[in-house]
Amino acid sequence: MYRERTSRLPDAVVWTNTPTAPGAGRVLPDGCMDLLWHDGRLLVAGPDTRAHLTGSGMSGPWAGIRFHPGTAPALLGVPAHELRDRRPDLADLWPAAEVRRATARVNAAADPARGLEDLALRRAAEAAAPPDPVLRHIVAALDAGRPVAGTADELGLSTRQLHRRSLAAFGYGPKTLARILRFRRALALARGGVPYAETAARTGYADQAHLSREVRDLTGLPLGELLGSRG
């Protein structure tokens, strides 16, 4: 059973998930990063370039806080590209003593999700600088279907500079981020009952076949089969 709510931390969502059936799960790429709690451990979900398949042995409740694209690296202190397609323990990223204190606080909370949220709020309060507003502009422009070169021009950056900043903030270049954001827009329309051909046209794919290829490449499943899964 999956549930989520808006976090007290701006640009974040708190979620919980308790798998109701055995077997592997599928987490779809969304441009975001998550701080996770499972079985008393703290982990980080880096930005995915493909669907992440969870192991069948990873049963039991999960909790997480999902950060808007580009906002997690400043809180975690790690460039996003170092975490791409990875699920490391937080102990691999932070000093051991700090992780022990953070883990103890989350485990002592009445609700692990609330404990994670409190941890993220403390990290944000201790941050030396607020989130870079340029990152929000990049996400908004690419999510609106703006071309990468045009987005760079709007910001007064070269395409090389935009790529470098995107790697650190999002984990991959702006073209990959735009591809993932377009996939999420298309998935939302298709889940809402919009016919596949219309979904493709409204989200900038060449045709339905192009949409189908992208969905299979990013998720490993045909669109029709994917619509029956949660991601």
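Since the model is a prediction, treat every value here as computed from it, not as a measurement.

*Asks:* What is the right way to read the pairing of strand β1 (residues 2-6) from this model?
*Replies:* Both faces of the sheet carry side chains from a regular strand, because those side chains alternate between them. By the bridge criterion, 5 bridges tie β1 to strand β2 (residues 12-17) in an arrangement that is antiparallel. Directly across from T6, in β2, lies its bridge partner V13. The antiparallel pairing of β1 with β2 creates a hairpin that spans 5 residues between the two strands, and D11 there sits at a positive phi of about 60 degrees.

*Asks:* So what exactly am I meant to see when it comes to the nonpolar core here?
*Replies:* One recurring pattern in soluble globular proteins is that nonpolar side chains are buried together. L35, L42, I65, F67 and L116 are the most contacted members of the largest nonpolar core, which has 26 residues in total. For this core, the secondary structure elements donating two or more residues are β2, β4 (33-38), β5 (41-45), β7 (62-67), α1 (72-76), α2 (96-108) and α3 (112-126). Once you skip the residues sitting within four places of it in the chain, L116 turns out to touch L35, L36, W37, L42, A63, G64, I65 and V106. Of all hydrophobic cores here, the second largest spans 15 residues; its members include L135, V139, A152 and A169.

*Asks:* Looking at this structure, how should I read the side chain of R66?
*Replies:* Structurally, R66 can be placed in strand β7. A distance of 3.3 Å separates polar atoms of two side chains, one belonging to R66 and the other to D34. Apart from residues lying up to four places away in sequence, R66 is in contact with Y2, E4, D11, A12, V13, W15, D30, C32, M33 and D34.

*Asks:* Would you take a moment to explain the packing of helix α4 (residues 133-143) against helix α5 (residues 148-155) for this structure?
*Replies:* Interaxial distance between α4 and α5 falls to 10 Å at its minimum, and their mutual angle equals 150 degrees. For the pair α4 and α5, the sense of crossing is right-handed. In this structure, α4 contributes V134, H137, I138, A141 and L142 to the contact, and α5 contributes V148, T151, E154 and L155. Considered class by class, the residues forming the contact of α4 with α5 number 6 nonpolar, 2 polar and 1 charged.

*Asks:* In this structure, what is going on with the sheet that holds β7? I would like to understand it.
*Replies:* Sheet strands associate in pairs through backbone hydrogen bonding, adopting either a parallel or an antiparallel arrangement. Across the sheet, 5 strands lie side by side as β1-β2-β7-β4-β5; this open sheet has antiparallel pairing. Every interior strand has two partners, whereas the edge strands, β1 and β5, have only one. With strand direction ignored, the average angle separating the axes of adjacent strands in the sheet is 20 degrees. Relative to β5, β4 is paired through 5 bridges, and the arrangement is antiparallel. If you follow H38 over to β5, its bridge partner there is R41. The strands touched by α3 are β1, β2, β4, β5 and β7; relative to β7, the strand with the most contacts, the crossing angle is about 30 degrees.

*Asks:* Sorry if this is basic, but what is going on with the packing of aromatic side chains here?
*Replies:* To describe a pair of aromatic rings, you give the distance between the ring centres and the angle between the ring planes. This model, assessed by the stated rule, comprises 1 aromatic pair. When the ring of Y2 is compared with that of W15, the centres are 6.0 Å apart and the planes differ by 25 degrees; the resulting orientation is stacked. In this pair, Y2 is assigned in strand β1 and W15 in strand β2, connecting sequence segments 13 residues apart. The exposure class assigned to W15 is buried, which follows from its relative accessible area of 9%. Sitting over the face of the ring of W94, R123 holds its NZ or CZ atom 3.9 Å from the ring centroid. In this structure, R182 is placed above the aromatic ring of Y205, and the distance from its NZ or CZ to the ring centre is 4.0 Å.

Thresholds, definitions, all that
- Residues numbered from 1 in each chain as written.
- Predicted model: local features only at pLDDT ≥ 70, side-chain atom pairs only at ≥ 80, totals over all residues.
- Heavy atoms only, no water.
- Pairing = 2+ DSSP bridges.
- Helix = DSSP H or I, 4+ residues; strand = E, 2+ residues; numbered from the N terminus.
- Core = buried A, V, L, I, M, F, W, Y, C linked by side-chain atoms within 4.5 Å.
- Buried < 20%, exposed > 50% of the residue type's maximum accessible area, 1.4 Å probe, protein only.
- Contact = heavy atoms within 4.5 Å.
- Polar contact = N/O pair within 3.5 Å; in protein donor to acceptor, adjacent residues only side chain to side chain.
- Axes fitted to C-alpha atoms, helices over the stretch in contact; angles between N-to-C directions.
- Left-handed = near helix turned anticlockwise from the far one by under 90°.
- Nonpolar A, V, L, I, M, F, W, Y, C, P; charged D, E, K, R; others polar.
- Phe/Tyr/Trp six-rings, centres within 6.5 Å; stacked < 30°, edge-to-face > 60°.
- Lys NZ or Arg CZ within 6 Å of the ring centre and 35° of its normal.

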